[in-house]
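# Examination of the molecular architecture
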Amino acid sequence: MKEFTPARRSRTWVIGTLLLLLLTGDVLLIKQNLRLRADLERFRPDTISKGQVVPQFSSRTLQGDDFKMIFAADQPARVLLFFSPG
């Protein structure tokens, strides 16, 4: 029968502590992940689908001027959005 020497007992304690720390970290990361997923769902932007009527809207040009998008009734309404960094 093997006896637990002080070195072996110390090694077992260190390994157990490290495993407990890793398990605690995993649990905290899982909780954070679930909270972030819930935030994503709560702040999900509205989407539009094909054929859906979009009301007029306003935005800013690249120069910073206000621009109001008004759709004319007799023209096809297509909006192309270009995103620019900065």
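Since the model is a prediction, treat every value here as computed from it, not as a measurement.

## Here we look at a nonpolar patch on the surface
Nonpolar side chains collect at one region of the surface, where Trp13, Val14, Leu18 and Leu21 lie side by side and expose about 450 Å² of accessible area between them. Along the chain, Leu18 falls in helix α1 (residues 6-42).

## Some thoughts on the pattern of salt bridges
The tally for this structure, following the rule as stated, stands at 3 salt bridges. As a salt-bridge pair, Arg44 and Glu41 come within 2.7 Å of each other at their nearest N and O atoms. A relative accessible area of 52% means that Arg44 is categorised as exposed. One salt bridge in this structure joins Arg60 and Asp66, with 2.9 Å as the shortest N-O distance. Note on Arg60: relative accessible area 58%, which makes it exposed. Among the residues examined, Asp66 registers a relative accessible area of 62% and is labelled exposed.

## Notes on the pairing of strand β1 (residues 57-60)
Here β1 runs beside strand β2 (residues 66-69); their pairing, made up of 4 bridges, is antiparallel. Paired with Arg60 across the two strands is Asp66, which belongs to β2. The turn joining β1 and β2, which pair antiparallel and follow one another in sequence, is formed by 5 residues; a positive phi near 95° is taken by Gly64.

## A closer look at the environment of Ile70
Along the chain, Ile70 turns up in the segment after β2. With relative accessibility at 55%, the residue Ile70 sits in the exposed group. C-alpha of Ile70 to C-alpha of Pro55: the two residues are 15 residues apart in sequence and 8.3 Å apart in space.

## A look at the confidence of the model for the chain
Residue-level pLDDT values for the chain average 83, and 90% of them are 70 or greater. The lowest-confidence element of the chain is β1, averaging 83 in pLDDT; the highest-confidence one is α1, averaging 93.

What counts, and at which threshold
- Residues numbered from 1 in each chain as written.
- Predicted model: local features only at pLDDT ≥ 70, side-chain atom pairs only at ≥ 80, totals over all residues.
- Heavy atoms only, no water.
- Patch = residues over 30% accessible without salt bridge, like charges linked within 9 Å, V, L, I, M, F, W, Y side chains within 5 Å.
- Areas by Shrake-Rupley, 256 points an atom, 1.4 Å probe, with all protein chains shown as cover.
- Salt bridge = Lys/Arg side-chain N within 4 Å of Asp/Glu carboxyl O.
- Helix = DSSP H or I, 4+ residues; strand = E, 2+ residues; numbered from the N terminus.
- Buried < 20%, exposed > 50% of the residue type's maximum accessible area, 1.4 Å probe, protein only.
- Pairing = 2+ DSSP bridges.
- pLDDT = per-residue confidence, 0-100.

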